[in-house]
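Each chain, letter by letter, is given below.
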Amino acid sequence: MNREDELDGYEVLLCVTGGIACYKSASLVSRLVQAGVGVSVAMTRSARQFVGPLTFQSLSGRQVHTGMWDLTERCDIQHIALADRADLTIIAPATANIIGKIASGIADDLVSTLAMTAVGSCPVLLAPAMNPLMWSNPVVQANLARLVELDFLAVGPNEGWLACRTIGKGRMAEPGEIFAAARKLLLERRPKADAG
Ligand SMILES: Cc1cc2nc3c(=O)[nH]c(=O)nc-3n(C[C@H](O)[C@H](O)[C@H](O)COP(=O)(O)O)c2cc1C
């Protein structure tokens, strides 16, 4: 059987930041690709401690973007081009760090710079994931509330078993939940590629 291709023509930029839930984002890429979405992946340095870029490269069929100063085959400026052509940007997992950086207007690596650019280009969906102590930190809560106020979207986190071997709130939404939220957001608009 071929892929479902309901979402053919849509482009998603997936930014992966450094939490243990990175492995679930690999499954999200596969789900999106099976639905026909073109997926470009950018990873922070910390994310690469958890899952190698080769996993995302293999699943997306595209080069993975890891650094602001990497040379690309195309001659465009990647932090602009990637965000500009995306119909949706997903940050999954979204660490406390990236949430804080975006809320503070910091753009000091590829992912935070992409997030800065993406806001003017397409919806941005965050899938926070962290230990319950981090999640309940009022600074993290205030940062996320500020982003939601500014029209960022969030899915999760959920309650459940966490890698730190506790049960609590902070577990990243499941790939299926993130996919469902992404699908809904994508189908609300026509793919940018259709505009030519
Ligand atoms: C084993 C391990 C697991 C971690 N898991 C998380 C996590 O789930 N969520 C989080 O916000 N930070 C987590 N961190 C801390 C982040 O990796 C750290 O704050 C890092 O600076 C995030 O960088 P980034 O946002 O640029 O990827 C973890 C660190 C380690 C060593």
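Heads up: the structure comes first, above all this text.
First things first, this report covers the structure right here in the doc.

Conventions and cut-offs
Residues numbered from 1 in each chain as written. Predicted model: local features only at pLDDT ≥ 70, side-chain atom pairs only at ≥ 80, totals over all residues. Buried ≥ 20, exposed ≤ 12 C-beta atoms within 10 Å, placed from the backbone. Helix = DSSP H or I, 4+ residues; strand = E, 2+ residues; numbered from the N terminus. Axes fitted to C-alpha atoms, helices over the stretch in contact; angles between N-to-C directions. Parallel < 35°, antiparallel > 145°, perpendicular 65-115°, else oblique. Left-handed = near helix turned anticlockwise from the far one by under 90°. Contact = placed C-beta atoms within 7 Å. Near = placed C-beta within 6 Å. Nonpolar A, V, L, I, M, F, W, Y, C, P; charged D, E, K, R; others polar. Core = buried A, V, L, I, M, F, W, Y, C linked by C-beta atoms within 7 Å.

On to helix 6 (residues 110–118). Across the 9 residues of helix 6, 8 count as buried, placing the element largely inside the fold. Of the positions making up helix 6, those classed as buried are Leu110, Val111, Ser112, Thr113, Leu114, Ala115, Thr117 and Ala118.

Where helix 5 (residues 96–104) contacts helix 8 (residues 138–149), the two axes come as close as 9 Å, and the packing angle between them is 55°. Viewed along their axes, helix 5 and helix 8 adopt a mutual orientation that is oblique. The two elements helix 5 and helix 8 cross, and the hand of that crossing is left-handed. On helix 8, the residues touching Ala96, Ile99, Gly100, Ile102 and Ala103 of helix 5 are Val140, Asn143, Leu144, Arg146 and Leu147.

Residues in close proximity to the ligand total 15 residues, the closest being Gly18, Gly19, Thr44, Ser46 and Thr95. Take the shell around the ligand: its biggest share by element is 3 residues, from helix 5. Split by residue class, the shell around the ligand holds 8 nonpolar, 7 polar and no charged.

Before going further, it helps to examine the nonpolar core. Core analysis: the largest hydrophobic core is formed by 57 residues, its most contacted members being Val12 and Ala127. Setting aside anything within four residues of it in sequence, one finds Val12 in contact with Leu32, Val37, Val39, Ala86, Asp87, Leu88, Ile90 and Ala182.

As a further point, take the environment of Gly9. Here Gly9 shows up in the segment before strand 1 (11–16). Linking Gly9 and Asp87, residues 78 residues apart in sequence, is a C-alpha distance of 9.6 Å. Those residues in contact with Gly9, other than ones at most four positions away along the chain, are Pro191, Ala193 and Asp194.

Function cannot be read off these values alone, since they describe shape.
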